[in-house]
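Each chain, written out:
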Amino acid sequence: MISSIIMSLSEFVSSFLPFECMDAMFMKRALLGLLLIAPLAAVTGIQVVNSRMAFFSDAIGHSAFAGVALGLIFSVSPNFSMPVLALFVGFLIMYLRRGSRLSSDTVIGVIFSAVVAFGLAVVSRNRSVAKDMQMFLFGDILTIGDAEIASLIVLAVAFILFQFFGYNRMLSISVNPQLASVHRIPVAAYQYIFAGLLSLVVIYSVRAVGVILVTALLVVPAATARNFSKNSGSMFWISLIISIISVVAGLLISAQKWANTPAGATIVLCASVFFVISLIYVRCQPGKTSDTEK
Amino acid sequence: MSDVICNPHHEDAVILSDVKIRLGDNLILDNVNARVPLGESTAIVGPNGAGKTSLTLAILGQVPYKGTISFPHCAKPGKPRFGFVPQKLQFDRDMPMTVMDYLLSGIQIMPIFFGYSGKHRERILKMLDEVECRQLANRSFGALSGGEIQRVLLAQALLQDPEILILDEPTAGVDFKGGQVCCELLNRIRKTRRFTQLMISHDLATVAAHANHVICLNHRVVAQGAPHEVLTHEVLSATFGLHLGIPDLHNLAKDVSKCS
């Protein structure tokens, strides 16, 4: 039942791309997966850039190793252990960041190193899994399965609901959390829900582009949109459009015979091209400074 | 005098009893007992590091404290509607966001990327008119000057329809005339909207001219009361820890309070 729905959805999205490389079923499924991940990553990216949480999302991405390790220890599928651990790490960082007087970079740095060390230690003991680690480092969207696409659809629904009621509140909070809290926005609740959604979006994005490039998938479209826009509305739409164009173009280019590159890296390269264009655009606009920092 | 008209029964909007704030080993506030009269303009004065900002944050429920802070006259018991204008808003000035975006983000549920609701937009423009900066509505929030940001933040605080408006140094960084204009504006808005105003100020002349009630704070309450009773040489030197060569504030306060 679910797999037939996913199959027809994949056929539907692929019908807009009449290319030879899109004939294979795994490409159609990859396209559907990417079209689900791209908007989530783009919108999360806006909030990550506005709240300066790029390092936060990087730490969650790197928890993927530890997620695989946990899966090995308790002999459960990494498809289950990775999101669970990512959620745990996300909530833990948010809790420490809210309650501690340490700078949030320090808190994240400590947890980041701890989860990576744990993951490497456990995974390296197991030769067969160690070979598969390449998949986590560089992503492997072409092998995405029905179960993962189904859970992405569930995540997308939760995400859209949150953004519908919370997008404006998140904007207020990213300007100044204390002021937002005084003005009766339940800041803690929003921050925890956002940390949870961010963790899940990041861990599914690891599937698409890998641990190393996951932050780029979130941050580059948002940073590009910042350079192009003057108000919050246009930043949202530009970021969304750039993200979707990048994943589609990246997937198509990677499948061409002349390119034959990994999909994840190609996607991030496409997004980076947009960023370079945005920098040139800013240079041509007097009086606007570029947004080159993360 | 205006305070008699605003608050005939001398009721209090905020009552602080034995409020203590400790940050690590530092006692920031030591047994603070103070009142903020309902519907009037109260000023907190004191030297740097006296705990003025901590006191306002405690009232706003943003820092843990010992003791009790009660709000006997607010509509929802214990949870008054606050408006807050911080001293210097720390934010990312490169964020693409107009003044309208920022103000809408606090009151509109529908995500702003779907557009502005006409009703909320009208309300914001009216509020910007009231604080005399309607022309800023479509400017980038991050590109505004310090004084312009203060006005936008005042508009934002007023959009909360506050019972208690708290301002942290509203006249800091504004020249003397700007400070006067700002206080006159606040007095005018307060009289039409009937909220209680509590502000921190360094500027004793402005306090003398525009506040009905003054709290002199230096880790504890040195004195509180009407400006002409409190702003004396004795109290000020006890508060600030040195003798201040200020021209006769006693008379200044009386003179100006007549016209306010």
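Residues numbered from 1 in each chain as written. Chains lettered and ligands numbered in written order. Predicted model: local features only at pLDDT ≥ 70, side-chain atom pairs only at ≥ 80, totals over all residues. Heavy atoms only, no water.

Draft legend 1. Structural view of the packing of aromatic side chains. Tallied over the entire structure, the rule returns 17 aromatic pairs over all chains. Centre to centre, the rings of A:Phe164 and A:Phe165 are 5.4 Å apart; their planes meet at 85 degrees, and the pair counts as edge-to-face. Accessibility expressed as a relative area gives 34% for A:Phe164, which makes it partly exposed. A:Phe165 sits in the partly exposed class, given a relative accessible area of 47%. One aromatic cluster is present, built from ring pairs that chain together A:Phe164, A:Phe165, A:Tyr167, A:Phe236, A:Trp237, B:Phe113 and B:Phe114. (Phe/Tyr/Trp six-rings, centres within 6.5 Å; stacked < 30°, edge-to-face > 60°. Buried < 20%, exposed > 50% of the residue type's maximum accessible area, 1.4 Å probe, protein only.)

Draft legend 2. Molecular detail of the pairing of strand β9 (residues 220-225) of chain B. Residue and element names in this part refer to chain B. Here strand β8 (residues 213-218) pairs with β9 via 5 bridges, running antiparallel. Paired with Asn 218 across the bridge in β9 is Arg 220. Here β8 hands over to β9 after 1 residue, with His 219 in that stretch at a positive phi of 65 degrees. (Pairing = 2+ DSSP bridges. Helix = DSSP H or I, 4+ residues; strand = E, 2+ residues; numbered from the N terminus.)

Draft legend 3. Fine view of the side chain of B:Thr42. Inspection of the secondary structure assignment puts B:Thr42 in strand β3 (residues 41-45). For B:Thr42, the residues in contact, after removing those within four places along its chain, are B:Val36, B:Pro37, B:Gln197, B:Leu198, B:Met199, B:His213 and B:Ile215. (Contact = heavy atoms within 4.5 Å.)

Draft legend 4. Quick peek at helix α9 (residues 187-209) of chain A. Residue and element names in this part refer to chain A. Given a rise of 1.5 Å per residue, 23 residues ought to cover 33 Å, and the 31 Å separating the end C-alpha atoms of α9 matches this to within 8%. Within α9, 19 of the 23 residues are buried, which leaves the element mostly enclosed by the surrounding structure. A positive phi of about 90 degrees marks Gly 210, the residue just after α9. (Expected span 1.5 Å × (residues − 1).)

Draft legend 5. Seen up close, the pattern of salt bridges. Evaluation of the coordinates by the stated rule reveals 11 salt bridges over all chains. Linking A:Arg226 and B:Asp92 is a salt bridge whose minimum nitrogen-to-oxygen distance equals 3.0 Å. With A:Arg226 in helix α10 (residues 214-228) and B:Asp92 in the loop between β5 (82-85) and α3 (99-107), the pair connects residues from two separate chains. In this pair, the class of A:Arg226 matches that of B:Asp92, namely buried. Look at the salt bridges and you will find they share partners, linking A:Arg52, A:Arg226 and B:Asp92 into a network. (Salt bridge = Lys/Arg side-chain N within 4 Å of Asp/Glu carboxyl O.)

Draft legend 6. Summary view of the environment of B:Ala50. Residue and element names in this part refer to chain B. Mapped onto the elements of the fold, Ala 50 is located in the loop between β3 and α2 (52-59). Along the backbone, Ala 50 and Asn 218 are 168 residues apart, and their C-alpha atoms lie at a distance of 4.4 Å. Excluding anything up to four places from it in sequence, Ala 50 contacts Ile 28, Leu 29, Leu 217, Asn 218 and His 219.

Draft legend 7. Quick look at the packing of α10(A) against helix α12 (residues 263-284) of chain A. Residues and elements named next belong to chain A. It is at 9 Å that the axes of α10 and α12 come closest, and there the two elements cross at 20 degrees. Taken together, α10 and α12 sit at an angle that is classed as roughly parallel. As for the relative orientation of α10 and α12, their crossing is left-handed in sense. Touching Ala 216, Leu 217, Val 220, Ala 223, Thr 224, Asn 227 and Phe 228 of α10 are Ile 267, Val 268, Ala 271, Ser 272, Phe 274, Phe 275, Ile 277, Ser 278, Leu 279, Tyr 281 and Val 282, all from α12. The residue makeup of the contact of α10 with α12, split by class, is 14 nonpolar, 4 polar and no charged. (Axes fitted to C-alpha atoms, helices over the stretch in contact; angles between N-to-C directions. Parallel < 35°, antiparallel > 145°, perpendicular 65-115°, else oblique. Left-handed = near helix turned anticlockwise from the far one by under 90°. Nonpolar A, V, L, I, M, F, W, Y, C, P; charged D, E, K, R; others polar.)

Draft legend 8. Structural context of the sheet that holds strand β4 (residues 66-70) of chain B. Residue and element names in this part refer to chain B. If you walk across this open sheet you meet the 3 strands as β2-β1-β4, and the pairing is antiparallel. This sheet does not close on itself; its edge strands, each paired only once, are β2 (26-37) and β4. Along the sheet, successive strands turn relative to each other by an average axial angle of 10 degrees, direction set aside. One ladder, built from 8 bridges, connects strand β1 (residues 12-23) with β2; its direction is antiparallel. Residue pairing for β2: Arg 22 is matched across the bridge by Leu 27. Where α2 meets the sheet, its contacts fall on β1, β2 and β4, and the angle it forms with β1 comes to roughly 120 degrees.

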